[in-house]
Amino acid sequence: MSDHAVRRVKLVVSHVALYLVAAAFLSPLVYMLATSFKRADEVFGSPPSLFGSVFRWENYSEALAYLPFGRFVLNGLAVAICGTVVVLVASAMSAYAFSRLRWRGRDGVFLVFLATLMIPQEVLVVPMFMLMRWFGWVDSFQALIFPWAFTAFGTFMLRQFFLTIPEEISESARIDGAGPVRIFTSIMMPLIRPALAVLAVFTFIGYWNSFLWPLIIINSVDEFGTVPLGLQLFFGQQGSQWNLVMAASVISMAPTTALLIILQKHLIRGIATSGLGGR
């Protein structure tokens, strides 16, 4: 067998393996989507079937109407969007300070800041709850947004991206009379848009899927509850009607899916270039 034929066989095998892995990951999503259109008596019907006898679009309206699930979605969107904006601004400013500005103790402070990534969230919930109670923010949107908005992950990722930008660009701007603020806002920020897109997606998904912290800090679920809390409450009351549970789950996936589609171009570019190189 020639080398060309061997390479072709390897290519076919690799593609088949990738398709099988993709099918394994997609099968639960396909089952969830198909079940969301079934009647309640057909979910566990015998013999089992992927699709029901009819497509019940009413499952989605019933899922939104049975509980204030629509409010949960709006609350989750508000928390995720505001939290993402705060994280992007704070991470970009701190990453710029740690990468482009010269000040005493910079590297030592950054190492301490980076070490906070090793502390699991479960360890911080009790002191964070006490801090929120001291601020008077228990059972509020502020408590859902700000406690986790100032983390080292976004700073580290954007700092690595800043380090890939040639220093000559900043030097040219300084020669033209631009100060650190002007360089940051007019030159650096446009250059790191792909990295900002990656961080925005990760942050939005993190806020959107957060369950432990909202479960602890939120008492008025009907007023301040987010999507994970709503799904848990929905399951407790409608656990036997899996078609409605699956419909609510599909609704909960819509915002993150739309965000991935909108930012797909910047996301691919950001993943390919962020965190590489350094000075």
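Let me begin by describing the structure that accompanies this report. Values in this document were obtained by computation on a predicted structure and should not be read as measured data.

What counts, and at which threshold
- Residues numbered from 1 in each chain as written.
- Predicted model: local features only at pLDDT ≥ 70, side-chain atom pairs only at ≥ 80, totals over all residues.
- Heavy atoms only, no water.
- Patch = residues over 30% accessible without salt bridge, like charges linked within 9 Å, V, L, I, M, F, W, Y side chains within 5 Å.
- Areas by Shrake-Rupley, 256 points an atom, 1.4 Å probe, with all protein chains shown as cover.
- Salt bridge = Lys/Arg side-chain N within 4 Å of Asp/Glu carboxyl O.
- Helix = DSSP H or I, 4+ residues; strand = E, 2+ residues; numbered from the N terminus.
- Buried < 20%, exposed > 50% of the residue type's maximum accessible area, 1.4 Å probe, protein only.
- Axes fitted to C-alpha atoms, helices over the stretch in contact; angles between N-to-C directions.
- Left-handed = near helix turned anticlockwise from the far one by under 90°.
- Contact = heavy atoms within 4.5 Å.
- Nonpolar A, V, L, I, M, F, W, Y, C, P; charged D, E, K, R; others polar.
- Parallel < 35°, antiparallel > 145°, perpendicular 65-115°, else oblique.
- Core = buried A, V, L, I, M, F, W, Y, C linked by side-chain atoms within 4.5 Å.

## Describing a nonpolar patch on the surface
Turning to step 1, where the next piece is worked out: The grouping of Leu26, Leu29, Val30, Tyr31, Phe44, Leu50, Phe51, Phe55, Trp57 and Met253 at the surface amounts to a nonpolar patch, some 1,000 Å² of accessible area in total.
Turning to step 2, where the next piece is worked out: The element contributing the most residues to the nonpolar patch is helix 1 (residues 3–35), with 4 residues.
Turning to step 3, where the next piece is worked out: Counting through the fold element by element, Leu50 comes out in the loop between helix 1 and helix 2 (58–66).
Turning to step 4, where the next piece is worked out: According to the relative accessible area criterion, Leu50 is partly exposed, its value standing at 37%.

## As for the pattern of salt bridges
Turning to step 1, where the next piece is worked out: Following the criterion strictly, the structure yields 5 salt bridges and no others.
Turning to step 2, where the next piece is worked out: For Arg56, the salt bridge goes to Glu62, with nearest N and O atoms at 3.2 Å.
Turning to step 3, where the next piece is worked out: Across the pair Arg174 and Glu171 runs a salt bridge, and its minimum N-O distance is 3.1 Å. Linking Arg174 with Glu171, this pair stays in helix 8 (residues 167–175), spanning 3 residues, or about one helical turn.
Turning to step 4, where the next piece is worked out: It is possible to trace a salt-bridge network through shared partners that takes in Arg100, Glu167, Glu171 and Arg174.

## So, the packing of helix 3 (residues 69–99) against helix 9 (residues 180–191)
The relative placement of two packed helices comes down to the angle between their axes together with the axis-to-axis distance.
Turning to step 1, where the next piece is worked out: Contact geometry for helix 3 and helix 9: axes closest at 12 Å, N-to-C directions at 115°. Judged by the sense of rotation from one axis to the other, the crossing of helix 3 with helix 9 is right-handed. For the pair formed by helix 3 and helix 9, the contact residues are Ala92, Met93 and Tyr96 on the first element and Pro180, Ile183, Phe184, Met188 and Met189 on the second.
Turning to step 2, where the next piece is worked out: Broken down by class, the residue content of the contact of helix 3 with helix 9 amounts to 8 nonpolar, no polar and no charged.

## Examining the packing of helix 8 against helix 9
Turning to step 1, where the next piece is worked out: One can describe the packing of helix 8 onto helix 9 by two numbers: an axis separation of 11 Å at closest approach and a directional angle of 155°. As the angle between them shows, helix 8 and helix 9 are arranged roughly antiparallel. For the pair helix 8 and helix 9, the sense of crossing is right-handed. Two secondary-structure elements touch here, helix 8 through Ile169, Ser170, Ala173 and Arg174 and helix 9 through Ile183, Ile187, Met188 and Leu191.
Turning to step 2, where the next piece is worked out: Partitioning the contact of helix 8 with helix 9 into residue classes produces 6 nonpolar, 1 polar and 1 charged.

## Structural notes on the nonpolar core
Turning to step 1, where the next piece is worked out: Core analysis: the biggest nonpolar cluster contains 53 residues, and Phe69, Leu158, Phe162, Trp213 and Ile217 have the highest contact counts within it.
Turning to step 2, where the next piece is worked out: When residues of this core are assigned to their parent elements, the largest contribution, 9 residues, is made by helix 3.

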